[in-house]
Amino acid sequence: MMSNTSNTINTILKNPHNGNSFELKSPLLCASGTFGYADEYEGLVDFNELGAIVTKGITLEKRPGNAGERIFECDFGLINRIGLENIGINDFINEKLPILKQKNINFILNIAGSTLEDYEKLSYIANENDIKALEVNVSCPNVKHGCLEFGLKPDLLFELVKKIRANYKGFLIVKLSPNTTDIKPLAQSAQSAGADCISAINTIRALGVKVNFENNKFNKKFVQGGLSGACIKPISLYMISQIKQVVVIPVIALGGIYNLNDLFEYISVGADAFQVGTANFLYPSIASDLAKALKDFMMKNGFSCFEELKKEILNG
Ligand SMILES: Cc1cc2nc3c(=O)[nH]c(=O)nc-3n(C[C@H](O)[C@H](O)[C@H](O)COP(=O)(O)O)c2cc1C
């Protein structure tokens with residue numbers, strides 16, 4: 001361990017194949033779908049401490065999302081079936097992008113589609129608008145068509161990422177699904193098709209069930225959707241350890257991040273940065289609080305940079 005000079009947590013995600021990189025002033029990011037388009041969190045979080053925010057998944061057209069109950073709280077987690085409600089790419093470009101730019105908020109645009117052509121068009125628009133980083137959601141379990149279909153078949157994923165890569169010159173992140181028996185071929189496909197980075201994991205298909213006995217009869221409720229929160233962390237740790245066996249591009253961890261130890265655990269399996277998701281709903285300032293806590297820890301324990309901390313955890 002080196003003696004402390006400063007306590008910077010700057011980090012650069014870099015694709016060693018092509019040199020594409022994305023600079024973050026902190027490895028703490030806010031995950032798609034749990035942070036809106038950032039402006040909703042103004043005053044609740046210290047944006048100066050965040051590496052970036054990831055927008056809600058954006059599709060070509062506006063989507064109203066699913067009807068009915070969309071959120072089900074379960075032990076140590078949350079099941080959601082939002083169904084990709086979003087404002088669509090045009091409103092994002094016209095209304096939200098100027099706010100993000102004006103407030104100087106580093107962001108990653110998360111995109112989702114039903115067809116290859118949707119993703120092609122979205123990546124073209126992102127490129128035209130000089131959006132620095134794109135996260136491709138091929139892992140949403142809550143929509144009827146597309147999205148997850150691309151994320152579970154290595155050949156299809158390769159074709160999709162290749163097409164996006166041809167259109168989009170910025171930093172390209174592919175967000176993988178845990179709803180598979182083997183995530184390695186998917187990670188390999190994403191990398192060989194030109195992804196600069198992988199983020200993992202999206203939510204896990206799950207069924208929330210509640211049964212009450214009232215007025216002499218059983219009342220049942222079923223909510224099928226994607227599971228997130230503390231209960232998915234061990235699954236994500238496993239998935240990331242698998243992904244790291246087959247790729248050299250950086251990996252951003254998601255899944256049940258609540259405290260400093262969660263960050264250390266993810267670093268120990270090879271994560272390069274972190275996205276905080278469900279925890280934002282309970283503690284809106286958690287991502288920036290964690291960035292501060294990470295800096296404090298590093299200063300107290302003599303780590304001069306995040307890279308050094310990562311090496312110590314990985315080799316220690
Ligand atoms: C309510 C909700 C909405 C989400 N919407 C999206 C989305 O639009 N696009 C996406 O890629 N992931 C979406 N996610 C998945 C999260 O970004 C994240 O991958 C997942 O929740 C795991 O992290 P966590 O355990 O910290 O929440 C959503 C998650 C939740 C809980």
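Residues numbered from 1 in each chain as written. Predicted model: local features only at pLDDT ≥ 70, side-chain atom pairs only at ≥ 80, totals over all residues. Heavy atoms only, no water.

1. Details of the confidence of the model for the chain
- Averaged over all residues, the pLDDT of the chain is 95; the fraction at 70 or higher stands at 97%.
- In the model, residues 1-5 has pLDDT below 50 throughout and makes 15 contacts with residues more than four positions away in sequence or in other chains. (pLDDT = per-residue confidence, 0-100. Contact = heavy atoms within 4.5 Å.)

2. Concerning the sheet that holds strand β14 (residues 273-276)
- In spatial order, the strands read β3-β4-β7-β8-β9-β10-β13-β14; together these eight strands close into a barrel with parallel pairing. Each strand of the sheet is rotated relative to its neighbour by a mean of 25°, with strand direction disregarded.
- Judged from the two bridges that link them, strand β4 (residues 52-54) and strand β7 (residues 107-111) form a sheet pairing that is parallel. If you follow isoleucine 53 over to β7, its bridge partner there is phenylalanine 107. (Pairing = 2+ DSSP bridges. Helix = DSSP H or I, 4+ residues; strand = E, 2+ residues; numbered from the N terminus. Axes fitted to C-alpha atoms, helices over the stretch in contact; angles between N-to-C directions.)

3. Observations regarding the pairing of strand β11 (residues 204-214)
- Sheet topology places β11 next to strand β12 (residues 217-228); eleven bridges connect them, and they run antiparallel. The residue bridging arginine 205 from the neighbouring strand is glycine 226, located in β12.
- Where β11 hands over to β12, the hairpin turn is made up of two residues, of which asparagine 215 adopts a positive phi near 50°.

4. As for the packing of aromatic side chains
- Following the criterion strictly, the structure yields ten aromatic pairs and no others.
- For the ring pair tyrosine 119 and phenylalanine 150, a centre distance of 5.5 Å and an interplane angle of 80° mean the geometry is edge-to-face. Of this pair, tyrosine 119 sits in helix α2 (residues 116-128) while phenylalanine 150 sits in helix α3 (residues 148-151), placing them 31 residues apart in sequence.
- The exposure class assigned to tyrosine 119 is buried, which follows from its relative accessible area of 0%.
- With a centroid separation of 6.1 Å and 80° between ring planes, the pair formed by phenylalanine 274 and phenylalanine 306 is classed as edge-to-face. Placement of the pair is phenylalanine 274 in strand β14 and phenylalanine 306 in helix α10 (residues 306-315), with a sequence separation of 32 residues.
- Judged by its relative accessible area of 0%, phenylalanine 274 falls in the buried class.
- Its relative accessible area of 0% is what places phenylalanine 306 among the buried residues.
- Taken together, the ring pairs in this structure connect Phe35, Tyr41 and Phe47 into an aromatic cluster. (Phe/Tyr/Trp six-rings, centres within 6.5 Å; stacked < 30°, edge-to-face > 60°. Buried < 20%, exposed > 50% of the residue type's maximum accessible area, 1.4 Å probe, protein only.)

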